[in-house]
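Structure assessment
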Amino acid sequence: MEEAGGVFPFRDVRWDPDPVLEPNPAVRVPAPAPLVLDNGSFQLRLGWACSDPEVPGEPLLRFRSLVARSRGARGGAGPETQVGNDLGSPEPLRWLLRSPFDRNVPVQMELQELLFDHGFQRLGVSSQGCVDHPIVITEAVCNPLYSRQMMSELLFECYQVPKVSYGVDSLYSLYHNKRQGWPCSGLIVSSGYQCTHILPVLDGRLDARNCKRINIGGCQAALYLQRLLQLKYPGHFAAITLSRVEEILHEHSYVAEDYKEEMQKWRSPEYYENNVHKMQLPFSNKLLGSTLTSEEKQERRQQQLRRLQELNARRREEKLQLDQERLERLLYVQELLEDGQMDQFHKGLVELNMDSAEELQSYIHKLSMAIEQTKQKILQAEIPDLDPLGNEQSMEDAESMNEFEPLFAEEQPEVEKPVTTVQPVFNLAEYHQLFIGTERIRVPETVFQPSLIGEEQAGVAETMQFVLDRYPKEQQEKLVQNVFLTGGNMMYPGMKARIHKELLEMRPFQSSFQVHLASHPVLDAWYGAREWALEYMNHEEGWITRKDYEEKGGEYLKEHCASNVYVPIRLPKQPPRTAETPASGKAPGTGTSNTSEQA
C-alpha cells in the first residue's frame, strides 16, 4: 500500500501459525484419497486429491521449508523445535534456521521428517502410527538416486504409506496448463528459489539428457539485493533484513525488456524521481527530544518511584526469609549447647565458621535485631498511613531512585524546559527511507546475467540457445512453439516480454514461436499433481508400491508423463575368473554378473 508522496511502508507481516484442520470424511470413504505434496525448497504445500466437491481443490497448508531448534528457555526441559509458520518471524531465529535442502535436493532427512510431521499433524491425518494415504510428491529434475532412496525409505519405513509417486514440479505445472490446448512438446523455463532449469519436452516426455540447470534463483537474488542496500545505507544495516528484502523483491522489482536501454533511462533525474520507490523503515520520534508536559513527566516519575518501591519490597522479603533460615540454624546450634551435646555443638561451630559460644550469642543478637528492622520496614510499606518513619522510607526510595536515574536520563532531562515545537535539522522520516532505484531491475537481471553477482555461468537466454542447438531444426520448431515459463522467480513483471525478445534475437528471421506463462506459476505444480493423481489413481502407471520398494530398492522410479527418467544403478561387470578358480566359486560370480546386466 502506497502512502502519500510515493512512500511504501514495510508490512512486516508475521506468519500465522498453521491451524489443526479436521479432514473431510470424503478423504477416507470409499478409499483413502491421495495426499499431494509440493516439496519445494522455499515452501511446502499439502492438500488432498479428492473428486468430492466438498474437499477443497487447493493446498490446505502452505509453510516455509524451515526448521529452528533453539536451546529452550532458561531452566527449560530441553531444546524447542519450531517448524514452518510456527516461527512467527524468521529474523530473530535467522542463525538457528535450517533447511533439509541443498540447493533444490533434500539431503537432511531428519529435518524433512520434521516438516512432514508438522504437515500431516496440521492436515488432520487421523490414522494411528502411519499415513495410510497414497502420496504424490514432487522432486528435483534429474534427482540423485541417493536422495530418492532416502525419501522412499522415510515414506515407506517411517510413515508406512501404501504407495508413492514422484514427479517433477515444472512438468506437473505443464500438465496442468496443457489442458488449455497447448502442444505436448515444449521448452520449459522453470526458475525457483534455489536454481533455474531449462527442460525440453518432446511428445509429452522429458528429454533428461539435454536438461540444463543454472544455480541462480530467488534466494541468490534476495541476498544480492540485501548486500546492495546494506552497502548503500550502512546506517540501517540491521534494519535491512532478509524478510524486508524479499518483500521489495516480490512487490517492487521488474524485468527490463532491454537492460542497457533501461539503465540509460535511470540516468535521467526526471525519470528517477518518477520511478524510484521509497521504502519507509520504522522509526521512533523520541530522537526529537521529549515532548511531554510537566504533569506527564511528574506522573511518569511517580510510576517509576512505585516500581522501585515494589522492587525494594521484594528484596526485603527475600532478605527476611534468608535471615530467618540463618537464625533457625544458629538457634539449633545454641540448643545443642544447652542440652550438653558438646561434640555436636563444636561441630556446628566449625560449620558456621565460629570460634566460641560468645561469638554465637553476639551473632544471634545482631541477626534478631536485623530481622525485626526488616519486619518493621515491610509493615510500614504495607500501611503507609500508620508509618511513623514515612519520611525515612521515602528518603530511602528516593535514594534508590537516584541510583537508577541514568536509566531514565532520556525521558527525564535535568532541566525542564517549556514545551515548544522542535524543528529538526533534517526530516527524520526521510532519513529512515530506502530509495529503490536501479536495484528494481538490477536484481532480477541476475537470471539473465549471473556475472552480476560473480557467478561464472550462462544466463537463461544463452542456456536456451545451447539446449535448442542440440536438436535438429524440425524439433527446434516443435520446442519453440511452446516456451513455457513457470516457478516463483518467473513472476516478475516484464519476464514474458523479455523471454520473447531473447527468442526473437536467437531464432531465424520470420520464424514463429510462442511464449506462455503459467496461469499461477507458484501453485500450478500442486494443481497439476492433484489432477494427475485423480486421473491415474486406479492405474499402476507411476505408482511405486511397498512391494516394489522392497524388491527393487528405494531409488526405484516408475516413470509417467510428469516424472524423471529412471536410470538404474549399473554395477560394473565382474572380471572373468581364471581357470584355477574352483568350480564352486564360479556360480556366485556368474549370477552376480547376470543380475547386474538385467538391472
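Numbering of residues begins from 1 in every chain and follows the order in which that chain's sequence is written. Thresholds applied to this predicted model are a pLDDT of at least 70 for local features of residues and 80 or more for the giving and counting of side-chain atom pairs; totals over whole chains, interfaces and linings are not thresholded and use all residues. Each side-chain value is derived from all of the structure's non-hydrogen atoms; neither hydrogens nor water enter the calculation.

1. So, the overall build of the protein
Secondary structure elements follow DSSP: runs of H or I of four or more residues count as helices, runs of E of two or more count as strands, with numbering from the N terminus. Helix and strand counts for the protein come out as 19 helices and 20 strands. Summary of the burial criterion: residues with accessible area below 20% of their type's maximum are buried, those above 50% are exposed, and those between are partly exposed, where the area comes from a 1.4 Å probe applied to protein chains only. When each of the 599 residues of the protein is scored for burial, the buried share is 46%. In this analysis, two residues are considered to be in contact whenever any of their non-hydrogen atoms come within 4.5 Å of each other. Of the contacts made within the protein by residues no fewer than 6 positions apart, 71% connect residues no fewer than 24 positions apart.

2. Looking at unusual backbone geometry
Following V29, the chain continues into P30 via a peptide bond in cis, with omega recorded as 5°. Within the secondary structure, P30 is located in the loop between β1 (7-9) and β2 (35-39). In this structure, Q160 takes a positive phi of about 55° despite not being glycine. Inspection of the secondary structure puts Q160 in the loop between α2 (145-158) and β11 (163-168). Overall, Q160 belongs to the partly exposed group, its relative accessible area being 36%.

3. What about the sheet that holds strand β5 (residues 67-70)?
A pair of strands is treated as paired once DSSP finds two or more bridges between them. Strand order in the open sheet formed by three strands is β6-β5-β7, with antiparallel pairing between adjacent strands. Of all the strands in the sheet, the pair left with one neighbour each is β6 (80-83) and β7 (97-98). In this sheet, β7 lies alongside β5 in antiparallel orientation, the contact comprising two bridges. Within the sheet, the bridge partner assigned to V67 lies in β7 and is R98.

4. Re the packing of aromatic side chains
Any Phe, Tyr or Trp ring, taking Trp's six-membered ring, that has another such ring centre within 6.5 Å forms a pair; planes under 30 degrees apart are called stacked, those over 60 apart edge-to-face, and the others tilted. Scanning all chains against the criterion turns up 11 aromatic pairs. Ring centres of F156 and Y549 lie 4.8 Å apart, and the angle between their planes is 15°; this geometry places the pair in the stacked category. Taken together, the residues F156 in helix α2 and Y549 in helix α18 (residues 546-552) connect sequence positions 393 residues apart. A relative accessible area of 12% places Y549 in the buried class. Ring centres of W532 and Y536 lie 5.1 Å apart, and the angle between their planes is 20°; on these two criteria the pair is classed as stacked. One end of the pair is W532 and the other is Y536, both in helix α17 (residues 524-536) and four residues apart, which spans about a single turn. Judged on exposure class, the residue W532 and its partner Y536 are both buried. Each member of the aromatic cluster is reached from another via a ring pair, and the members are F116, F120 and Y159. Sitting over the face of the ring of Y193, R64 holds its NZ or CZ atom 5.8 Å from the ring centroid. Definition used: whenever NZ (Lys) or CZ (Arg) falls within 6 Å of the ring centre and also within 35 degrees of the ring normal, the charge is taken to sit over that ring. For the cation-ring pair, R244 lies above F10, with the distance from its terminal atom to the ring centre recorded as 5.6 Å.

5. A word on the packing of helix α14 (residues 460-468) against helix α16 (residues 495-506)
To obtain an axis, a line is fitted to C-alpha atoms, over the contacting stretch when the element is a helix, and the angle between two such axes runs from 0 to 180 degrees between their N-to-C directions. The contact between α14 and α16 brings their axes to 10 Å, and the two run at 45°. Relative to α16, α14 is oriented oblique. In the packing of α14 onto α16, the handedness of the crossing is right-handed. Between α14 and α16, the residues in contact are V460, A461, M464, Q465 and L468 and I499, E502, L503 and M506, respectively. Each residue belonging to the contact of α14 with α16 can be placed in one class, and the counts come to seven nonpolar, one polar and one charged. The scheme is simple: roughly parallel for angles under 35 degrees, roughly antiparallel for over 145, roughly perpendicular for 65 to 115, oblique for anything else. Helix crossings are classified by the rotation of the near helix relative to the far one: an anticlockwise turn of less than a right angle makes the crossing left-handed, while a clockwise turn makes it right-handed. Residue polarity follows a fixed list, in which Ala, Val, Leu, Ile, Met, Phe, Trp, Tyr, Cys and Pro are nonpolar, Asp, Glu, Lys and Arg are charged, and the others, Gly among them, are polar.

6. Some remarks on α17
Taking 1.5 Å per residue as the helical rise, α17 with its 13 residues ought to reach 18 Å, and the 18 Å between its terminal C-alpha atoms agrees with that figure. Burial analysis of α17 places 11 of its 13 residues in the buried class, the great majority of the element. The inward-facing, buried residues of α17 contact β2, β3 (43-48), β10 (135-139), β11 and α3 (169-177). An expected span of 1.5 Å times one less than the residue number is assigned to each helix.

7. Examining the confidence of the model for the protein
What pLDDT reports is the predictor's confidence in each residue, on a scale of 0 through 100. Overall, the prediction assigns the protein a mean pLDDT of 85, with 83% of residues at 70 or greater. A low-confidence stretch, residues 385-390 stays under pLDDT 50, and its non-local contacts, those more than four residues away or across chains, total three contacts. Note that pLDDT drops below 50 for residues 404-420; the model gives that stretch 20 contacts with residues more than four away or on any other chain.

8. Points about the sheet that holds β3
Taken together, six strands build an open sheet; the order of strands is β4-β3-β2-β10-β11-β20 and the sheet is mixed. Whereas interior strands pair on both sides, the edge strands pair on one side only; in this sheet they are β4 (61-64) and β20 (544-545). One ladder, built from four bridges, connects β3 with β4; its direction is antiparallel. Counted as the bridge partner of R45 is R62 from β4.

9. With respect to the packing of α3 against α17
Relative to each other, α3 and α17 sit at 70°, their axes nearing to 7 Å. As far as their axial angle goes, α17 and α3 are roughly perpendicular. Contact with α3, carried on its side by D169, Y172, S173, Y175, H176 and N177, involves D524, A525, Y527, G528, A529, E531, W532, E535 and Y536 of α17 and no other residues of that element. A class-by-class count of the residues in the contact of α3 with α17 yields seven nonpolar, four polar and four charged.

10. Remarks on α14
Listing the buried residues of α14 in full gives V460, A461, T463, M464, V467 and L468. Along the axis of α14, the buried positions cluster into a sector of 165°, meaning they face one direction only. At its buried positions, α14 is contacted by β12 (186-191), β13 (196-202), β15 (212-214), α15 (473-480), β18 (483-486) and α16. Taken from the helix axis, the directions to the C-beta atoms give the arc we talk about.

11. Description of the environment of N39
Mapped onto the secondary structure, N39 falls in strand β2. C-alpha separation for the pair N39 and I137, spaced 98 residues apart in sequence, amounts to 6.6 Å. Any pair of N or O atoms that falls within 3.5 Å is considered a polar contact. Within protein, one atom must be able to donate a hydrogen and the other to accept it, and sequence-neighbouring residues count only if both atoms are side-chain atoms. Among the polar contacts made by the side chain of N39, one reaches the side chain of Q112 at a distance of 3.1 Å.

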